[in-house]
2 protein chains.
Amino acid sequence: MPQHVVIIGAVALGPKVGCRFKRLEPESKVTMIDQTDLISYGGCGIPYFVSGDISSPDELQSTSFHMLRDKQFFKEAKDIDVITKKRALQIQRDKKVVVLQDLGAGDREELAYDQLVIATGSTPTVPQIQGRDLQGVYVVASLDDAIKIRNDVATGKVGNAVIIGAGAIGLEMAEAMTDLWGIETTVVEITNQILPGLVSKNLATMAQRHMEENGINFLLSQEVLRLEGEGRVERVITKYETLKADMVILATGVKPNDQLAREAGLAVDRQGGILVDEHLRTSDPSIYAGGDCVLIKNLITGKPSYFPSGSLANRQGRVIGTNLAGGQARFEGAVGTFIIKLFDISVGSVGLSLAKAKQEGFDALNTLVVQFDRAHFYPEKDLMYLELTIEKRSGRVLGMQGLGSKGDGLLARLSAVAPILKYSPSVADIGNLELPYSPPFSAAMDILNALGNTAENLLEGRNRVVDPDEFVRWWNQRGNGETFFLDCRGWGNAQPFVEKYPDHWISIPQDELRQRITEVPRDKKIALICNTGVRSYEAQITLDQIGIKDTYNLQGGMAAVKKLGEEI
Amino acid sequence: MPQHVVIIGAVALGPKVGCRFKRLEPESKVTMIDQTDLISYGGCGIPYFVSGDISSPDELQSTSFHMLRDKQFFKEAKDIDVITKKRALQIQRDKKVVVLQDLGAGDREELAYDQLVIATGSTPTVPQIQGRDLQGVYVVASLDDAIKIRNDVATGKVGNAVIIGAGAIGLEMAEAMTDLWGIETTVVEITNQILPGLVSKNLATMAQRHMEENGINFLLSQEVLRLEGEGRVERVITKYETLKADMVILATGVKPNDQLAREAGLAVDRQGGILVDEHLRTSDPSIYAGGDCVLIKNLITGKPSYFPSGSLANRQGRVIGTNLAGGQARFEGAVGTFIIKLFDISVGSVGLSLAKAKQEGFDALNTLVVQFDRAHFYPEKDLMYLELTIEKRSGRVLGMQGLGSKGDGLLARLSAVAPILKYSPSVADIGNLELPYSPPFSAAMDILNALGNTAENLLEGRNRVVDPDEFVRWWNQRGNGETFFLDCRGWGNAQPFVEKYPDHWISIPQDELRQRITEVPRDKKIALICNTGVRSYEAQITLDQIGIKDTYNLQGGMAAVKKLGEEI
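Computed from a predicted structure; not experimentally measured.

Turning our eyes to something else, we now look at the overall build of chain A. On a plain count of helices and strands, chain A comes out with 17 helices and 31 strands. A compact globule built from 568 residues should have a C-alpha radius of gyration of about 24 Å, and chain A, at 27 Å, falls within 12% of that. Expressed as lengths along the three principal axes of its C-alpha atoms, the size of chain A is roughly 90 × 55 × 45 Å. Classification of the 568 residues of chain A by burial places 55% in the buried group. Nonlocal contacts in chain A, meaning residues at least 24 apart in sequence, comprise 66% of its contacts between residues at least 6 apart.

Quick look at the structure:
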């Protein structure tokens, strides 16, 4: 029997729900409501619109075949009614109506539904700082905001920009400001690293160095106290500094828009987020919800978690569309993934970072592997940096993070791990992971396999490591004489260091170690050094064999130290 | 207790076994035997050495840190003894000795082992054709062969080359001949497509067109009868043609070297291939085997299968190394993967192709999706072509094949599916697959998700399709008046076709279809056409609704037809 489905919210999830449902039940009626008339746009494209890579906001609102997804498009191509510039004020579940308010005239009306979908998305969490309402202070919440930001930069109003928050959106906006517009841009972050919680400090520092080389300034571990200016923002005052700023972008995260659901008495998490079952149904069987306003199951921790993502929203939309038509489609949850392009590198994560794992109560560790992304004999190749997060006790793989060159090589490794995380893979599963191989794409023993194997050696106590940042601390404290720095590379690589630091840097190539074992001291901690950590691991085993065991293999080798921007 | 491990074969698997085992048991002794002294090289790099991309064979034999993996390297860096230029003639299992013959002097000796590893690899299956022994006729079995081929092309001896066999190695060698050396190259294939059994005829034709555009000739469905010449090869005689040839490369597949194992009474498959358990142990508990000489479990069919691959060999090598040292490492099998770069495109597969699935007794079908590899609004992007192989009854996903541009985008999609195939994923699992997303890397609804969703619609009978090659047949027979060709794109796209074929090609944009429904005939089969198959699917649902059901959505749309090289 034909029914009336009402969808509150017309970006990402909402349109996907409507289109899927109408394909299954063409006789039923769908009404989609939105507060603005900039609907159904690709919000993740905003930084590329701000940068100028995408010339018009219409492109973000168009289909792949260049049709503008506006009211008329939804009516003619999809037979979906769209009501814009009205806000859903209230859901009266007993009467099955939504109360709407016209944002222009202010009139109220009631819209009856058979089934309702809440697709209200998220709102930026704006820090309550003084000056937040000055002109030139923006959040990145909608296409509307993006258009204002782009207008400001394109009309030359902005010489200096400050981004508050070094998460993915903050960094993308920083690149957008710098790359095409040449704006002097500073990112201020309250924690001690960029991409906090998403990747390790080591990977974060590597990414930060790359952005610095591309002209972006960073202020880490700094709280913003207030914004100052006359009408328009002019300065950002942090605890330690005053920054010139003609524009400020607040990119400090988002929170679910769950108020409508909460007020209607639907089950909502105490910390925020509408609660749904695996069919994406709320506590009212006539009401579904999905996208940035809900919590879904974290498939690693098993707990309801918040994963705001346009990609998940689209997939959830299809599931809701199916279920509105009487289907039993399931959305079982997510492990959490992200990838970001930053100038000429890419950085990404699947599952839990070490910091997140610890926060979730896991006794976890991580391991770093540096290896070429292709066969080492193939002419075009780049080093890739991958870290695996592992639960110590069980050897269960909880997540992986990485940094690579501009292309899709990192995407490939992340994409191989994301889909299996829900099966609680072991490090051996990663070591044996079967991936398509040929020299232009990968190594016979791909970096992913090497990562699993290295993690196994670590867990079994065969590979004792020192992280690159800790190694740098040892090096800086070399004057205390506690550490012996042993370079296991060929003489050609070691020579410049030996000549520069004759008292501290000793060269014994790994293949000569057995013969020159008497040169190794037995009374000091030994840092074993090679290019990426392979030969130093081999050296460690040779030293173990003769009872020299206070040795630490520099994870990721000199390649990682160099990528951290450390001059040794 | 220290033991003696003997490894027969020193390429890929053998060295990996030896190195892993020595790291676990440094006190034990390892002896590795090989017939040549070109050991431990990257065989998959041969085409790049022949092409000149890699300048010296040493590069294929070196570590990533440029050390030549020769006898001396294994002794000094790994403490492994290597015996070269001797052949293992016999395994005497009762005495635990291997009988070796010196390939120079002819002397025989016995080498005692505690545990033995058979890593004898594979041999090309050479067709028994006349002229096979002429000069200039090669197989690609070893680095030795590669050096001879490269010498011939580099010294200008080769104006015309013929490759027999259009599998992965044949195509890589064809590109190597053409790309840098400008040799007029023809690939002769006995079946009616390139990459037979690996990808569908549609994807194969797309790849073939691309190679033809790069100057390579193809003769399909042609058997080679004989090779002719005086001393050196001059001509290739097929059933229908005579081809000039200064060089012939036989690339018609490989077979496992299992004779030694067979003669020693170990369990060997009737069709060839040493049988091993999941610890890679043969029927003799003191003898392991792995790499190209064994069969392993196909994780999709459950049957012992042959997967010759340098990548699997490396991973198996580590498992054997662990087990030789008393470990219980498992190698559970493989789903089968491949990827190949052909000039500016990449082609690959994971699991079963439709042809392989049918051969294995599955009642299977496949579906084609064409979509941009990145967000459609992102400036740099390319169309990607993916096909999913599905078991009809269960909806189980058996495999995926694809074609993409030069980069790693295809690798990423294949890598996401390969690791989950052993869990028997459903099409919904592919539709909901969680992958890292941002516009420079993927679409919010990635092509992989779209592929799963399209397959679901197909299985549920909601999406009735026609393959691009079948569509071309309908078009070529348009004179019979059986088919109505309905273009669902905007007028701009449809116009040139309508003007060229006013009697056959009709334009009704999908968003006007509801209004213009009377223009659609009810007495003909209807082919629905758009760019990639999305709007034509939408049109099909609209037509279904009013009872016009003899309609077929052109899978992959005009993008696929164009990629097949068909001029319409």
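From this point on, the discussion continues.
So, on to the relation of the copies chain A and chain B. Turning chain A through 180° and shifting it by 0.0 Å along the axis lays it on chain B, with an RMSD of 0.0 Å. The superposition of one copy onto the other is thereby described by a two-fold rotation axis. Proximity to the rotation axis, assessed at the C-alpha, singles out A:Ala412 in chain A; its C-alpha lies 1.8 Å from the axis. When the interface residues of chain A are mapped onto chain B, 97% of them again lie at the interface, so the same face is used by both copies.

Residues and elements named next belong to chain B. Topologically, Cys-488 is positioned in the loop between strand E28 (483–487) and helix H15 (491–500). Residues Cys-488 and Tyr-240 lie 248 residues apart in sequence; the distance between their C-alpha atoms is 43 Å. Excluding anything up to four places from it in sequence, Cys-488 contacts Ile-508, Pro-509, Gln-510, Leu-528, Ile-529, Cys-530, Arg-535, Ser-536 and Ala-539.

Attention shifts here to the packing of helix H11 (residues 409–417) of chain A against helix H11 (residues 409–417) of chain B. Interaxial distance between H11(A) and H11(B) falls to 7 Å at its minimum, and their mutual angle equals 15°. Classified by the angle their axes make, H11(A) and H11(B) are roughly parallel. Between H11(A) and H11(B) the crossing geometry is right-handed. Contact residues: A:Leu411, A:Ala412, A:Ser415 and A:Ala416 in H11(A); B:Leu411, B:Ala412, B:Ser415 and B:Ala416 in H11(B). Residue composition of the contact of H11(A) with H11(B), grouped by class: six nonpolar, two polar and no charged.

A separate point is the domain arrangement of chain A. Residues and elements named next belong to chain A. Structurally, chain A comprises domain 1 (4–122 + 255–324), domain 2 (137–252), domain 3 (337–459) and domain 4 (465–563). Taking only C-alpha atoms, the centre of domain 3 and the centre of domain 4 are 25 Å apart. Contacts between the two partners involve seven residues from domain 3 and, on the opposite side, nine residues from domain 4. Within the residue set of the side of domain 3 that touches domain 4, elements represented by two or more residues are strand E24 (364–372) and strand E25 (383–391). Its residues assigned to classes, the side of domain 3 that touches domain 4 comprises five nonpolar, two polar and no charged.

Turning to the sheet that holds strand E19 (residues 287–289) of chain A, a few remarks are in order. The pairing of strands in a sheet happens through backbone hydrogen bonds and is either parallel or antiparallel. Residue and element names in this part refer to chain A. A sheet is described by the order of its strands in space; here five strands give the open sequence E3-E2-E1-E7-E19, paired in parallel fashion. In this open sheet, the two strands that pair with only one neighbour each are strand E3 (81–83) and E19. The mean angle between the axes of side-by-side strands here comes to 20°, regardless of whether they run parallel or antiparallel. With three bridges joining them, strand E7 (residues 115–118) and E19 adopt parallel strand pairing. For Val-117, the partnering residue across the bridge sits in E19 and is Tyr-288. Against the sheet, helix H9 (residues 310–324) touches strand E1 (4–8), E7 and E19, its axis set at about 165° to E19.

All names here are of chain A. Closest axis-to-axis distance for the helix H1 (residues 13–24)/H9 pair is 7 Å, and the angle between their directions is 35°. For the pair H1 and H9, the sense of crossing is right-handed. Packed against H1, whose contacting residues are Leu-13, Lys-16, Val-17, Arg-20, Phe-21 and Leu-24, the element H9 presents Ala-313, Asn-314, Gln-316, Gly-317, Arg-318, Ile-320, Gly-321, Thr-322 and Leu-324 at the interface. Looking at side-chain class alone, the contact of H1 with H9 contains seven nonpolar, five polar and three charged residues.

The next subject is helix H7 (residues 201–213) of chain B. Residues and elements named next belong to chain B. Helix length check: H7, at 13 residues, gives a terminal C-alpha distance of 18 Å against a target of 18 Å (1.5 Å per residue), a fit within 8%. Along H7, the residues classified as buried are Lys-201, Asn-202, Leu-203, Ala-204, Thr-205, Met-206, Ala-207, Gln-208 and Met-211. Count one or two residues on from H7 and you reach Gly-215, which has phi positive near 95°.

This part is about the interface of chain A and chain B. On the side of chain B, 73 residues touch chain A, which itself brings 74 residues to the contact. If you tally residues by element for the side of chain A that touches chain B, the top one is H11(A), at six residues. Its residues assigned to classes, the side of chain A that touches chain B shows 41 nonpolar, 20 polar and 13 charged.

All right, on to the environment of A:Met67 then. Residue and element names in this part refer to chain A. Topologically, Met-67 is positioned in the loop between helix H3 (57–60) and helix H4 (71–78). Of the residues examined, Met-67 has 18 C-beta atoms within 10 Å and is grouped as partly exposed. The sequence separation of Met-67 and Ala-77 amounts to ten residues, and the corresponding C-alpha distance is 10.0 Å. Once residues lying within four places of it in the same chain are set aside, the contact partners of Met-67 are Ser-62 and Phe-73.

Residue and element names in this part refer to chain A. As judged from the two bridges shared by strand E18 (residues 274–275) and strand E20 (residues 294–297), these two strands associate in the parallel manner. Bridge pairing in E20 links Leu-275 to Leu-295. Of the pairings in the sheet, the one linking E20 to strand E21 (residues 304–305) comprises two bridges and is antiparallel in character. Bridge assignment links Ile-296 to a residue of E21, and that residue is Ser-305. As consecutive antiparallel partners, E20 and E21 are separated by six residues, and within that stretch Gly-302 has a phi angle of approximately 80°, a positive value.

Let us now look at helix H5 (residues 143–154) of chain B. Residue and element names in this part refer to chain B. Between its terminal C-alpha atoms H5 stretches 16 Å, which fits the 16 Å expected from twelve residues at 1.5 Å a residue. In this structure, the buried side of H5 is in contact with helix H2 (46–51), helix H3 (57–60), strand E9 (137–139) and helix H6 (168–179). After H5 finishes, the residue Gly-156 shows a positive phi value of roughly 75°.

Attention now moves to the sheet that holds E9(B). Residues and elements named next belong to chain B. Reading across from one edge, E9-E16-E10-E11-E12 is the order of the five strands in this open sheet, with parallel pairing throughout. The sheet is open, and its two edges are formed by E9 and strand E12 (217–219), each paired on a single side. The sheet shows a mean angle of 20° between the axes of neighbouring strands, taken without regard to direction. In terms of strand pairing, strand E11 (residues 184–188) meets E12 through three bridges, oriented parallel. What sits directly across from Val-187, in E12, is Phe-218.

Now for the confidence of the model for chain A. Averaged over all residues, the pLDDT of chain A is 96; the fraction at 70 or higher stands at 100%. Scored by ipTM, the complex comes to 0.96, with pTM at 0.97.

Residues and elements named next belong to chain B. For Asp-79, which is not a glycine, the phi torsion comes out positive at approximately 55°. For Asp-79, a count of 19 C-beta atoms within 10 Å corresponds to the partly exposed category. Non-glycine residue Ser-424 carries a positive phi angle of around 50°. For Ser-424, the position within the fold is in the loop between H11 and helix H12 (427–431).

Take the pairing of strand E14 (residues 235–238) of chain B next. All names here are of chain B. In the sheet, strand E13 (residues 224–228) pairs with E14 via four bridges, with the strands oriented antiparallel. Its bridge partner being in E14, Glu-228 is matched across the sheet by Arg-235. Taking the residues that link successive antiparallel strands as the turn, the E13-E14 hairpin has six residues, and the phi of Gly-231 there is positive, at about 75°. Linking two consecutive strands that pair antiparallel, namely E14 and strand E15 (residues 242–244), is a turn of three residues.

On to the environment of A:Arg87. Residue and element names in this part refer to chain A. Looking at the secondary structure, you find Arg-87 in strand E4 (residues 86–92). With 394 residues separating them in the primary sequence, Arg-87 and Gly-481 have C-alpha atoms 69 Å apart. Every residue in contact with Arg-87, bar those within four places of it in the chain, is listed here: Gln-35, Leu-100, Gln-101 and Leu-103.

Cut-offs applied
Residues numbered from 1 in each chain as written. Chains lettered and ligands numbered in written order. Predicted model: local features only at pLDDT ≥ 70, side-chain atom pairs only at ≥ 80, totals over all residues. Helix = DSSP H or I, 4+ residues; strand = E, 2+ residues; numbered from the N terminus. Rg over C-alpha atoms; globule rule 2.2 N^0.38 Å. Buried ≥ 20, exposed ≤ 12 C-beta atoms within 10 Å, placed from the backbone. Contact = placed C-beta atoms within 7 Å. Least-squares fit on C-alpha atoms with pLDDT ≥ 70 in both. Axes fitted to C-alpha atoms, helices over the stretch in contact; angles between N-to-C directions. Parallel < 35°, antiparallel > 145°, perpendicular 65-115°, else oblique. Left-handed = near helix turned anticlockwise from the far one by under 90°. Nonpolar A, V, L, I, M, F, W, Y, C, P; charged D, E, K, R; others polar. Domains from an automatic or database assignment. Pairing = 2+ DSSP bridges. Expected span 1.5 Å × (residues − 1). pLDDT = per-residue confidence, 0-100.

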